[in-house]
Amino acid sequence: MNVLRAEALKAACLPSLRWTVALTAAACVLVLAALRQDAPAADSVTPEAIAAALWTWAGLVQAGFLAVGVLMSTKEHMSAMGSTTLLVVPGRGAVWAGRLVVLAAAVLPVAVVLAATALVVLDQHPARASVEVAVRTGAWLVAVALLSAGTGALLRHVLATTSVLLLLVVVAPATSQALGSWATWLPGAAAQDWVREGAWHDGAVVLAWVVTAVVAGGLRLVRSDA
């Protein structure tokens with residue numbers, strides 16, 4: 001409980017984290033307003049169109065969740081905070097687990113609220129297929145935060161982590177045609193197909209990337225210097 005409290009207090013005291021949350025909320029509203037303005041009439045909208053619109057929205061809003069994960073895992077390694085944390089709580093595995101729990105607890109309700117809001121705005125009479133797409137959208141936003149946290153803990157450098165994540169998450173879907181079948185093994189392209197179509201193998205690829213990043217980040221924290 002002390003570890004969770006400490007990690008929550010550290011996250012709450014990061015000004016950059018508060019600004020990220022505010023800017024993400026603002027981006028969510030602006031993107032939804034633009035998509036709603038260009039949306040077809042309610043009686044002619046299709047589940048496929050809703051899925052495409054939700055992914056377009058998520059593709060922009062995910063940047064905020066990516067930034068939150070990066071900040072929570074790299075910020076303290078840029079100062080003496082990391083060493084102080086491990087002096088107070090020597091159990092590094094407990095520190096990493098507590099950080100992930102705090103991150104998930106923080107982003108999960110936000111992802112649920114934002115995805116539900118996007119669904120209601122884009123589809124006034126959502127069918128089951130649209131609801132499932134919204135659920136997968138919220139799950140991906142949580143996943144990208146955890147993926148970012150794991151990658152940040154592994155690399156311990158804001159710029160390097162952000163560059164790698166932008167390539168894997170943002171650039172990969174945009175260049176999927178050029179990459180061919182290789183793109184399906186990258187988290188961003190797999191997430192795009194999973195959110196829009198719900199294919200289980202794409203979801204498995206996303207899960208594998210998240211688990212690998214979280215485990216690798218945890219091992220780096222446990223085995224290396226603060």
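Whatever comes next refers back to the structure up there.
Being a predicted model, the structure only gives us computed values, none of them experimental. (Residues numbered from 1 in each chain as written. Predicted model: local features only at pLDDT ≥ 70, side-chain atom pairs only at ≥ 80, totals over all residues. Heavy atoms only, no water.)

Novice: Describe the overall build of the protein chain, naming the residues involved and giving the relevant values.
Specialist: Per the secondary structure count, the protein chain includes ten helices and zero strands. For the protein chain, the α and β elements follow one another from N to C terminus as α-α-α-α-α-α-α-α-α-α. Here the protein chain holds 226 residues, and the buried ones make up 44% of them. Accessible surface computed for the protein chain: about 11,400 Å², of which carbon and sulfur atoms make up 71%. (Helix = DSSP H or I, 4+ residues; strand = E, 2+ residues; numbered from the N terminus. Buried < 20%, exposed > 50% of the residue type's maximum accessible area, 1.4 Å probe, protein only. Areas by Shrake-Rupley, 256 points an atom, 1.4 Å probe, with all protein chains shown as cover.)

Novice: A description of the packing of helix H3 (residues 47–74) against helix H7 (residues 158–174) should follow, citing residues and the corresponding values.
Specialist: In contact at an axis separation of 11 Å, H3 and H7 are set at 150 degrees when each is read in the N-to-C sense. By crossing handedness, the relation of H3 to H7 is classed as right-handed. On H7, the residues touching Gln62, Leu66, Val70 and Thr74 of H3 are Val158, Thr161, Thr162, Leu165, Val169 and Val170. Looking at the contact of H3 with H7, its residues break down into six nonpolar, four polar and no charged. (Axes fitted to C-alpha atoms, helices over the stretch in contact; angles between N-to-C directions. Left-handed = near helix turned anticlockwise from the far one by under 90°. Contact = heavy atoms within 4.5 Å. Nonpolar A, V, L, I, M, F, W, Y, C, P; charged D, E, K, R; others polar.)

Novice: Describe the nonpolar core, naming the residues involved and giving the relevant values.
Specialist: Membership of the largest hydrophobic core comes to 56 residues, with the highest contact counts inside it found for Leu54, Trp57, Phe65, Leu103 and Trp140. Going through the elements one at a time, helix H2 (15–38), H3, helix H5 (92–122), helix H6 (128–155), H7, helix H9 (187–197) and helix H10 (200–223) are the ones with two or more residues in this core. In terms of residues, this core owes the most to one element, H3, which gives 14 residues. Every residue in contact with tryptophan 57, bar those within four places of it in the chain, is listed here: Cys28, Val31, Leu32, Leu35, Leu114, Ala115, Ala118, Thr137 and Leu141. (Core = buried A, V, L, I, M, F, W, Y, C linked by side-chain atoms within 4.5 Å.)

Novice: Just give me the short version of the pattern of salt bridges, but keep the residues and values in it.
Specialist: All chains considered together, the criterion is met by one salt bridge. Between glutamate 132 and arginine 128 there is a salt bridge; the shortest N-O distance is 3.1 Å. Residue glutamate 132 and its partner arginine 128 are located together in helix H6, separated by four residues, close to a single helical turn. Of the residues examined, glutamate 132 reaches a relative accessible area of 35% and is grouped as partly exposed. On the basis of relative accessible area, arginine 128 is assigned to the exposed category, the value being 68%. (Salt bridge = Lys/Arg side-chain N within 4 Å of Asp/Glu carboxyl O.)

Novice: Explain unusual backbone geometry residue by residue, including any values.
Specialist: Despite not being glycine, arginine 156 shows a phi value in the positive range, around 60 degrees. Assignment of secondary structure puts arginine 156 in the loop between H6 and H7. Residue class for arginine 156 comes out buried when judged on its relative accessible area of 14%.

Novice: Any chance you could break down the side chain of glutamine 192 for me, citing the residues and the numbers?
Specialist: Position of glutamine 192 relative to the elements: it lies in helix H9. Each residue touching glutamine 192, except ones within four places of it in the same chain, is listed here: Trp55 and Pro173.

Novice: Can you explain the packing of H6 against H7? Please cite residues and give values.
Specialist: A packed helix pair is summarised by two numbers, namely the angle formed by the two axes and the spacing between the axes. Interaxial distance between H6 and H7 falls to 9 Å at its minimum, and their mutual angle equals 140 degrees. Comparing the axis directions of H6 and H7 gives the class oblique. Two packed elements cross with a definite hand, and for H6 against H7 that hand is right-handed. Contacts between H6 and H7 pair Trp140, Val144, Leu147, Ser148, Thr151, Gly152 and Leu155 from the former with Ala160, Thr161, Val164, Leu165 and Val169 from the latter. Across the contact of H6 with H7, the residue classes break down as eight nonpolar, four polar and no charged. (Parallel < 35°, antiparallel > 145°, perpendicular 65-115°, else oblique.)

Any functional reading would require information beyond the geometric quantities listed.
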